[in-house]
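# A look at the structure
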Amino acid sequence: MASTCPNCGKKLKWYNMKAECSQCGVSIPNYNWEGRLEEDAEKAEKKFASFYKSLNIFSYSLWGTKLRRLRIILSFLPAIGFLLPWAYLKSDSNSIGIDFLGLFTSGKSLIDVISDFFANKSLYFINMAYEGNSGVLTYSMLGISFMLLSLVFIVIAFFLILFTFKHPKTKAMVVFDALSIASAVASCIMFVIGFGGEQTQTAVNFGSISLYNISGGISWGIFVAIVLLAVALVSNILVAKAPAKSDEELEAKRLAKKAEKEEKERLEDIRKEKEREEAEKRAAEEQERIVAEAKAKLEAKKNKKKD
C-alpha cells in the first residue's frame, strides 16, 4: 500500500487496507495505470539500451577486430613460459628444476620447493642468515619470488582485458605486462648471481632438501618466457594505439546486423510460404486429376454397360 494517495496526497496509515482512498475515493492501485505502464516501458527500454551498450563494447573489446582477437591469444601464451625450465641446481644428492611441474628436469620441481618452504619457513630463513643473505639459497629464493611475481602480474594483465572492457583503449594491461617483464628479468639476474661466477658454497639446504657439490645455471625456458611476455606487451600496445569504435558506431552495427538477420528471416518465411502454396496447388491439381480419371473410368463403365 502506498504511504500517500497519488491523487490527493493524503497520508495513509498502516491500517488503511482498502484499495480506495478514504478522502478522494480514487483507486490507488489503478491510479494513472496507463502512465505507469508507459513509464515502465521507458525504464525497460533504457535498461535494454544499457545492456546492449555493455554487450557491444564487451564483444568489441575482446574480439571486435583481428588485432583484438590476436591479442587474446598472445596474452594467454605467456602462461606456457612459466611451465618451462627457468633455472636448475644439480648436486650429488638432489637436484632442483625451477619449473612449476618438473616436466623438463629431474628431481625436485618448483612446486616441491614452494611446498617445502611453507612447511619449513623458519629453516629457510635460518639458512639464509647463515650464508649472510647472499648465497645460493638466498638468490634462488629471490629468483623464485620474482618469477612468481612475474606470473601474478601477467595474470592480472590478462584479466584486465576482461574487466576494463568499457575502456577499449586503456593502457592498464601495458603497465602490468611491463611489470611482469621487469620481474622476469630480475628473476634471471638473481639466478645468474646465485649460480654464476666462482661458486664457493659446496653445500646448501633448501629446508629439507639438501644439496652437495652444487652446480647450476639459468635454462632456456626463461628466455622463451621473456619473449612471450614481450609479445603480449607489444600486442597490448598496438591495441591501445589502434582506433576504437564509439558506442554509437557499435550500436549502429548491431542494429544493421539485426536488420539483416530479420530481412533474411522474412525472405525465408516468404520462400517457405510460396513453397507451401505451390505444394497445395500441386496437391489440388493432383486431386483434380485423380477425380477426373475416376469420373472418366466410371463414365466408360456406364457406356460399356449400355452397349
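Presented here is an overview of the structure given in this document. What you see is a predicted model, and the numbers here were worked out from it, not measured in a lab.

Time to look at the environment of Arg68. Relative to the assigned elements, Arg68 resides in helix H2 (residues 66–76). For Arg68, a relative accessible area of 3% puts it in the buried group. The spatial distance from the C-alpha of Arg68 to the C-alpha of Pro168 is 9.7 Å, given a sequence separation of 100 residues. Leaving out residues up to four positions away in the same chain, Arg68 has contacts with Tyr60, Ser61, Leu62, Trp63, Pro168, Val239 and Ala244. A polar side-chain atom of Arg68 sits 3.2 Å from the main-chain carbonyl oxygen of Pro168.

To continue, consider the side chain of Ser183. Here Ser183 is to be found in helix H7 (residues 172–195). A residue is classified by how much of its surface remains accessible, and Ser183, at 5% relative accessible area, is buried. When sequence neighbours within four positions are dropped, the list of residues in contact with Ser183 reads Phe146, Leu149, Ser150 and Phe153.

Here we come to the environment of Asn205. Within the secondary structure, Asn205 sits in strand S3 (residues 203–206). Asn205 sits 55 residues away from Glu260 along the chain, and the two C-alpha atoms are 69 Å apart. Residue contacts for Asn205: discarding those within four places in its chain leaves Asn127, Leu137, Ser210 and Leu211. Only 2.8 Å separates the side chain of Asn205 from the side chain of Ser210, close enough to count as a polar contact.

Each value, and the rule that gives it
Residues numbered from 1 in each chain as written. Predicted model: local features only at pLDDT ≥ 70, side-chain atom pairs only at ≥ 80, totals over all residues. Heavy atoms only, no water. Helix = DSSP H or I, 4+ residues; strand = E, 2+ residues; numbered from the N terminus. Buried < 20%, exposed > 50% of the residue type's maximum accessible area, 1.4 Å probe, protein only. Contact = heavy atoms within 4.5 Å. Polar contact = N/O pair within 3.5 Å; in protein donor to acceptor, adjacent residues only side chain to side chain.

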